[in-house]
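Residue-level listing of the chains:
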Amino acid sequence: MKLFVAGLVAETNSFACCPTGFGAFELRLGPHDPTDPMGMASAMQGVASRARAAGWEVVEGVLAAAQPLGPLVDAAYAALKALILKDLEAAMPVSAVVLILHGGMTSQSIDDCEGDLLAAVRSLVGPSVPITASLDLHCHLTALMLQQADALIAYKEYPHTDIVETAARAADLAIAAAEGKVRPRMAAADCRAMGLWPTLTGPLRAFVDRVRALERQPDILSVSVGHGMAYGDVPEAGAKVWVITDDNPAQAARLAHQLALELFDLRERIGTRFTPLPEAMARLEAWRGDKPLVLADVADNPGGGAMGDSTFLLRALADRSIGAVGLGGLWDPGAVQLCREAGEGAKLHLRIGGKCGVASGDPVDLCVLVRRFIEDHSQDDFGARADLGPSAWVETDTGLHIVLISKRQQVLGVDLFAGLGLEIAGLRGLVVKSMQHFRTSFAPFIGEVIHVETPGLLRTDFEAIPFQRRDLNYWPRVEDPYAAE
């Protein structure tokens, strides 16, 4: 028996200023290619290991992944889709297909790239070959995706610490279905709510633990909670729950509906509090903890499609001269190039950030000392490495430490700072261009975390995001989106 696995991972922010082109993708062209696109190679290897352990032959197709940005250029999506289909055709006949996807990918003319890709794969392999896929929990679950796949399984954790686990589970279900051991049946329910919901603590932690317990019951093959991509303006956007049972679609529908209502009931308790910028600055000035206070620059998080070059927090810090504060990673290849040319130990006047439009703010002019320059910087990415390109650590005479990077990335690992020699232990405060994923690496070294509200791309007033195409019957825009029923 033969299993085919491939991957196409990209998350689309409908409001981003720049589309996602072919050049934005990192490609792994088969099992002997050492490239690790956005740290996703371990997921593909997890699928392959599961299949080989079951005595199956494995064919690994292309794996492509890109940083979140605007809708894919149509030609780029068509080319990537063609690469996967070409590899699949060469592998035929196959007994099962596993795809590593995101679920929140759109192109300039296609609202549902994952559904489109699944349909194309289905047309090649026919109706009887199981197709399963792993998804990011920030996905759009669509009717086409449910129709074309036998099983879709989303990460349960945010931060996403279960990427490999999820891909392996998708492989297990594909293999079991192909061997006739199970008959997966999926059903989904809309939660009619949106927000940014971390799973580390509180009521959502308990909800996720309960979901995991449900999966240990007989005949429940998988339960997924999709938070949705909050900045995706597509008709089927939104948080959803879906359940996969062993040949019991009615049970799947009942449980999905029940869990969706339970999640809706938690809506006001699981969201993130966003702190206004003046309040965040006041708390930083008053901070006397023995570990740095972290200010998460949520609105400029590249992990949600922002550019990573906004200056609202940088401007506030420069104006106050608080001292012993780090900020990173700010995406500014031009500033990095000037630091390279000046060299370590040089002082120069540097215009930083504010390059990509209104959501980036205005550039900030600072006199800085180049403390360190690295030609090929990287950071930890849940055990993989995320490339940051040429990078520099600069310091102002007021003790503001800025890490400048050349490849747009959200902050994931402590080594984004420490790899340049900037140890965060001696800092009063730390500003990170991230929302949630930094917590796994940073937890032992930081104090309290404040999610700061700034005028960046990723708005936190979810009720006022200017959607044009998605269903607007969701909380918090509508107090009771179930009222019509």
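Anyway, here's the lowdown on the structure attached to this text.

About the cut-offs
- Residues numbered from 1 in each chain as written.
- Predicted model: local features only at pLDDT ≥ 70, side-chain atom pairs only at ≥ 80, totals over all residues.
- Heavy atoms only, no water.
- Helix = DSSP H or I, 4+ residues; strand = E, 2+ residues; numbered from the N terminus.
- Rg over C-alpha atoms; globule rule 2.2 N^0.38 Å.
- Buried < 20%, exposed > 50% of the residue type's maximum accessible area, 1.4 Å probe, protein only.
- Contact = heavy atoms within 4.5 Å.
- Areas by Shrake-Rupley, 256 points an atom, 1.4 Å probe, with all protein chains shown as cover.
- Lys, Arg positive; Asp, Glu negative; His and termini not counted.
- Charge placed at Lys NZ, Arg CZ, Asp CG, Glu CD.
- Salt bridge = Lys/Arg side-chain N within 4 Å of Asp/Glu carboxyl O.

This paragraph deals with the overall build of the chain. On a plain count of helices and strands, the chain comes out with 13 helices and 18 strands. Relative to the compact-globule value of 23 Å for 485 residues, the chain shows a C-alpha radius of gyration of 23 Å, a close match. Taken along the three principal axes of its C-alpha coordinates, the chain extends 70 × 55 × 40 Å. For the chain, the proportion of its 485 residues judged to be buried stands at 60%. Pairs at least 24 apart in sequence give 73% of the contacts found in the chain among residues at least 6 apart. Taken as a whole, the chain presents about 17800 Å² of accessible surface, with 52% of it coming from carbon and sulfur. Here the chain carries 43 positive and 60 negative side-chain charges, and the mean point of each set is 2 Å from the other.

Oppositely charged side chains may form a pair once their charged atoms are brought near each other. Per the counting criterion, the structure on display carries 29 salt bridges. For Glu179, the salt bridge goes to Lys181, with nearest N and O atoms at 3.0 Å. Several salt bridges converge on common partners, so that one network encompasses Glu157, Asp162, Glu165, Arg205, Asp209 and Arg212.

What follows covers unusual backbone geometry. With omega at 15°, the peptide bond leading from Tyr158 into Pro159 counts as cis. Inspection of the secondary structure puts Pro159 in the loop between β6 (151-154) and α5 (163-178). Cis geometry marks the peptide bond from Trp475 to Pro476, where omega comes out at 15°. By secondary structure assignment, the location of Pro476 is in the segment after β18 (449-453). The phi angle at Asp219 is positive, at roughly 75°, despite the residue not being glycine. Mapped onto the elements of the fold, Asp219 is located in the loop between α6 (202-214) and β8 (220-226). Even without glycine at this site, Phe382 takes up a positive phi of about 50°. Inspection of the secondary structure assignment puts Phe382 in the loop between β14 (364-381) and β15 (384-395). Under the relative-accessibility criterion, Phe382 is labelled partly exposed at 35%.

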